[in-house]
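# Descriptive structure summary
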Amino acid sequence: MAKEQKLNGTVIVTYRCNARCSMCNRYKAPSKQDEEISLETIKKLPKMYFTNITGGEPFIRTDLKDIVRELYKKSDRIVISTNGFFTNRIVDLAKEFPQIGIRISIEGLEQTNNEIRGLDNGYQRGYNTLKKLREMGMKDVGFGMTVQDKNAPDLVPLYNISNEMGMEFATASLHNSFYFVEAKNIIKDRPMVAKNFENLINELLKSNSPKKWFRAYFNHGLINYIYGQKRLLPCDMSFDTFFIDPYGDVMPCNGTKDKEVMGNLNTQSWDELWSSPEAEMVRKKVRHCDRDCWMIGSVSPAMYKYIWTPAWWVFTHKLKSLFGGKYSMYENKIVRDLRDGKVTKEELDKCSTCDMCAVVNNGLSEASKAQLVGKTGEEIVDADIAAQMKG
Ligand code: SF4
Ligand code: SF4
């Protein structure tokens, strides 16, 4: 009998969020609570080798424990991405599931983080949550940082803090998509940001951890991405990877301009949805997608699948570092071309997904849109949280 194929899945349990990040407007476009993905729908998901639970802010959902319990029946490994605000809820969940992974987004050192994230005391809360989890003996905990002009100088200092705490350090950069409800994100000073990535890459290559050497490759890919170049590895989202949103809509990824729907798991079975003509249409679009995202969700499966490309890069660069050599951002032709005036900043801006005139589609259902008439997303979510805290 053929071995059952396990997938890589991301479950967006809510679009509600209590943060006010400068690079994401999701907090302005929350999902309506009673429409959010139910346990019945989660039970219909396929077997997965990896599941990422994300939002919005997933810990806004008071039934997150039930969701995790259900997902552990079908997933080998689960990582939750959170802004770290609900410390008690995170700690409480970690007590029941000590094997779970937790990634807390921290966008720089204290002042920078609080400015970008817009959460009062956000840095201290995130940092304290991470510390508590570590003290509890949890192994799979770490920082996540979205690198941009404002926080790039904090990249290596924050990596050093994560290292001192013995934690994972995941990076990303600015993306535009329906998921982030944003089309205007763009890196302004590419050489400065690339220089900070270069410093991080050299720190990672210096370490004794093969995992960190591969992270160095990922960050090398981020330099390539912020210069608007073709992805270093093919994108195979929707082939063995999927995202499911709070409405049960299954999508290839979170990087598309508009929401691309393969089917709906509230109304369909997984097999019916996964082999539907709609799913095939989406796969064809993915094959021709020119957005060239470089986010861990789409790159990590590609790094496993096309292992020889990153492995060769790691081998040559680790060897070089052992002999005192260093990685240079100028290994990327496009970085040299900008330095040498062969291409202009404006030309590179055009290669990005930034579109100052775009009307952003937020992917909300009609009912979720309707609750925004006369009220802002922030007001709705603040009232939600206040009610939860009372109850
Ligand atoms: S990036 Fe995350 S934490 Fe920030 S507003 Fe968007 S969903 Fe919320
Ligand atoms: S490059 Fe891949 S991850 Fe990005 S939008 Fe296209 S299909 Fe999605």
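Parameters at a glance
- Residues numbered from 1 in each chain as written.
- Chains lettered and ligands numbered in written order.
- Predicted model: local features only at pLDDT ≥ 70, side-chain atom pairs only at ≥ 80, totals over all residues.
- Axes fitted to C-alpha atoms, helices over the stretch in contact; angles between N-to-C directions.
- Helix = DSSP H or I, 4+ residues; strand = E, 2+ residues; numbered from the N terminus.
- Parallel < 35°, antiparallel > 145°, perpendicular 65-115°, else oblique.
- Contact = placed C-beta atoms within 7 Å.
- Near = placed C-beta within 6 Å.
- Nonpolar A, V, L, I, M, F, W, Y, C, P; charged D, E, K, R; others polar.
- Core = buried A, V, L, I, M, F, W, Y, C linked by C-beta atoms within 7 Å.
- Buried ≥ 20, exposed ≤ 12 C-beta atoms within 10 Å, placed from the backbone.
- Pairing = 2+ DSSP bridges.
- Right-handed = clockwise from strand over helix to strand, strands pointing away.
- Expected span 1.5 Å × (residues − 1).
- Arc of directions from axis to C-beta.

What follows concerns the packing of helix α7 (residues 190–206) against helix α8 (residues 210–226). The contact between α7 and α8 brings their axes to 8 Å, and the two run at 170 degrees. For the element pair α7 / α8, the angle class is roughly antiparallel. In this structure, α7 uses R190, V193, A194, F197, L200, I201, L204 and L205 to contact α8, whose residues at the interface are K212, W213, R215, A216, N219, H220, L222, I223 and I226.

Attention now moves to the site of ligand 1. Close to ligand 1 lie C17, A19, C21, C24, R26, Y27, G55, G56, E57 and N83. Grouping the amino acids of the shell around ligand 1 by side-chain chemistry returns five nonpolar, three polar and two charged.

Around ligand 2 lies a shell formed by C235, M237, P252, C253, G255, T256, V286, C289, R291, D292, C293 and S298. Residues that form the shell around ligand 2 fall into these classes: seven nonpolar, three polar and two charged.

Attention now goes to the nonpolar core. Within the largest apolar cluster, 81 residues are counted, with the highest numbers of intra-cluster contacts made by I102, F197, I223, I226 and I244. If you tally residues by element for this core, the top one is α8, at eight residues. Excluding its chain neighbours within four sequence positions, the residues that come into contact with I244 are G9, V11, I12, I37, D249, V250 and L265. Counting residues in hydrophobic clusters, the runner-up holds 14 residues, among them C17, C21, Y179 and L364.

Turning next to the pairing of strand β6 (residues 168–173). Across six bridges, strand β5 (residues 141–147) lies against β6 in parallel orientation. Residue pairing across strands places F143 opposite F169, the latter belonging to β6. The parallel pair β5 and β6, bridged by helix α6 (residues 155–164), forms a crossover whose chirality is right-handed.

The next subject is the sheet that holds strand β9 (residues 263–264). Read across the open sheet, the nine strands follow the order β6-β5-β4-β3-β2-β1-β7-β8-β9; overall the sheet is mixed. Single-partner strands in this sheet number two, and they are β6 and β9. Sheet topology places strand β1 (residues 7–12) next to strand β2 (residues 48–54); six bridges connect them, and they run parallel. Of the residues in β2, the one forming a bridge with G9 is T51.

With 15 residues, helix α12 (residues 308–322) should reach 21 Å at 1.5 Å per residue; the first-to-last C-alpha distance of 21 Å fits that figure. Along α12, the positions that sit buried rather than exposed are P310, V314 and H317. The buried residues of α12 occupy one face: seen down the axis, they fall within an arc of 85 degrees. In α12, those exposed residues whose orientation departs by more than 90 degrees from the buried face are W308, W312, F315, T316, L319 and L322. The positive-phi residue at the C-terminal boundary of α12 is G324, with phi of around 85 degrees.

Below, the discussion takes up the pairing of strand β3 (residues 78–82). Most of β3 is tucked away: five of the five residues are buried. Neither face of β3 is exposed, since I78, I80 and T82 on one face and V79 and S81 on the opposite face are all buried. Sheet analysis places β2 next to β3, joined by three bridges and oriented parallel. Looking at the pairing, T51 lines up with I78 of β3. Assessed by its sense of winding, the connection that carries the chain from β2 through helix α2 (residues 64–72) to β3 is right-handed. In the sheet, β3 pairs with strand β4 (residues 101–105) via four bridges, with the strands oriented parallel. Looking across to β4, one finds that I80 is bridged to I102. After leaving β3, the chain enters helix α3 (residues 87–96) and then returns to the sheet as β4, a path that is right-handed.

Note that T316 resides in helix α12. Its 11 C-beta neighbours within 10 Å are what place T316 among the exposed residues. As a C-alpha pair, T316 and L155 span 161 residues in sequence and 24 Å in three-dimensional space.

The subject of this paragraph is the environment of A94. With respect to the helices, strands and loops of the structure, A94 is situated in helix α3. Counting along the chain gives 58 residues from A94 to E36, while the straight-line C-alpha distance between them is 23 Å. Those residues in contact with A94, other than ones at most four positions away along the chain, are I100, I102, L133, M136 and M138.

Going from G55 to G56, the amide bond is cis rather than trans, its omega being 25 degrees. The phi torsion at V181 lies on the positive side, around 50 degrees, for a residue other than glycine. Structurally, the position occupied by V181 is in the loop between β6 and α7. A positive phi angle, near 50 degrees, is found at D292, a position not held by glycine.

Everything listed here is a matter of coordinates, which is why it stays silent on function.
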